[in-house]
Structures are given as C-alpha cells and as structure tokens.
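Each chain, written out:
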Amino acid sequence: MKPLISVIVPIYNVEQYLPRCIDSILKQTYRDLEIILVDDGATDRCGSICDSYKEKDCRVKVIHKSNGGFDQMTGEYVTCIDSDDFVSPFFVENLWSALEENHCDIASSWFIEYHDGQVVPTSKAVDTQEVEVENWAFAVDTTKVAPKGDIMAPTTVKGSQFRQPLIEFSGA
C-alpha cells in the first residue's frame, strides 16, 4: 500500500489562479493524498473557493489561519505547491518514486515557465515586472534526487517532497 502524502498549499489573494492549481492537484496519478489548503487571511474569494473544493473532494482540508498547515498534516511525506502554480498529473508520483527508488529523504524538481500559454526558454525569460501577473504560471514535472546520506539543499520548498520527520515545527 502506498503511503499518504500531504500536499500543503499556502493561499493569499490568488483567486484567479487558485482553481487551476487545485484542479491540477486533484488530477494527480498518485491518489493517496491529503490536500491541505491554507487560507492565509486572503481578502479576495480564496476562502470560499477553498471551501467549495472541500465539499467536492474528501481529500481536501481547509484551514483559515495564517501560517498553518504543517501541524495539520498526517502524511508520511509532504510537498508544498504555491497557489499560483499548477503541476503536471505526475508531479507527486514522480517525486515519491524518486524518494523510494533512491532511498533518500528529499526529492526536488525544476519548473517550466509559461507566459501567455507558451513555454519561456530559460535563456529568453521575460522580466516578470514587464508582464501582467495573470499571464504567468509554473508547471512542475522534472525530478532530481540525491542519494541517501548526500546533502541536498533545494532553493525552495516548492517543487520538493520530504519525508515528514524532516519537517520541524516552529509553532507558527
């Protein structure tokens, strides 16, 4: 039996991106998920959008609290996805497989940048300050791993999956 994986999504004023983000998580090929949507005090419709997804899928939990989520997770693994991003259907499964096959505690991935629905080559990335925010999103799919015992420091938690005991709670 596959382990439960917690997916934590911190949310703040991203109502235009949020449905695409949550839909991409619900479409994962890895089905044993608890999806924790953390409404971090958003002043737009994010809170009600989260509540509507909770009604549609029993895997979705909603927390209306600043800086919550990690203390609510029950999965053996955890991954975080930014609420203005979306992920490929294989995101969680690829990271979990990488962890298991390589006997490691952290797997990390890269992202692909999109602008107006088109992939932006990294050598020609557009300055985001010149672009309307609603036209940007990230899709995560490519997995990188480090063998157990090696040190791996992903630049962000986004796009990474961890064994749950590696997360220390700050009480926040």
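Higher on the page you've got the structure.
Cut-off values and rules
- Residues numbered from 1 in each chain as written.
- Predicted model: local features only at pLDDT ≥ 70, side-chain atom pairs only at ≥ 80, totals over all residues.
- Heavy atoms only, no water.
- Helix = DSSP H or I, 4+ residues; strand = E, 2+ residues; numbered from the N terminus.
- Contact = heavy atoms within 4.5 Å.
- Areas by Shrake-Rupley, 256 points an atom, 1.4 Å probe, with all protein chains shown as cover.
- Axes fitted to C-alpha atoms, helices over the stretch in contact; angles between N-to-C directions.
- Parallel < 35°, antiparallel > 145°, perpendicular 65-115°, else oblique.
- Left-handed = near helix turned anticlockwise from the far one by under 90°.
- Buried < 20%, exposed > 50% of the residue type's maximum accessible area, 1.4 Å probe, protein only.
- Pairing = 2+ DSSP bridges.

Observations regarding the overall build of the protein
- In terms of regular secondary structure, the protein is built from three helices and nine strands.
- Tracing the protein from N to C terminus, the helices and strands come up as β-α-β-α-β-β-β-α-β-β-β-β.
- Long-range pairs, those at least 24 residues apart, make up 80% of the contacts in the protein with a sequence separation of at least 6.
- In the structure as shown, the protein presents an accessible area of about 9,500 Å², 52% of it carried by carbon and sulfur atoms.

Regarding the packing of helix α1 (residues 18-26) against helix α2 (residues 46-56)
- In the contact formed by α1 and α2, the axes pass within 11 Å of each other and the chain directions differ by 25°. What the angle tells us is that α1 and α2 run roughly parallel. For the element pair α1 and α2, the recorded crossing hand is right-handed. Between α1 and α2, the contacting residues are Leu18, Pro19, Ile22, Asp23 and Leu26 on the first element and Cys46, Ile49, Cys50 and Tyr53 on the second.

Quick look at the pairing of strand β4 (residues 77-80)
- Here β4 shows two buried faces, one formed by Tyr77 and Thr79 and the other by Val78 and Cys80.
- As paired elements, strand β1 (residues 5-11) and β4 share four bridges and run parallel to each other. Looking across to β4, one finds that Ile8 is bridged to Cys80.

In short, shape yes, function no, at least from these values alone.
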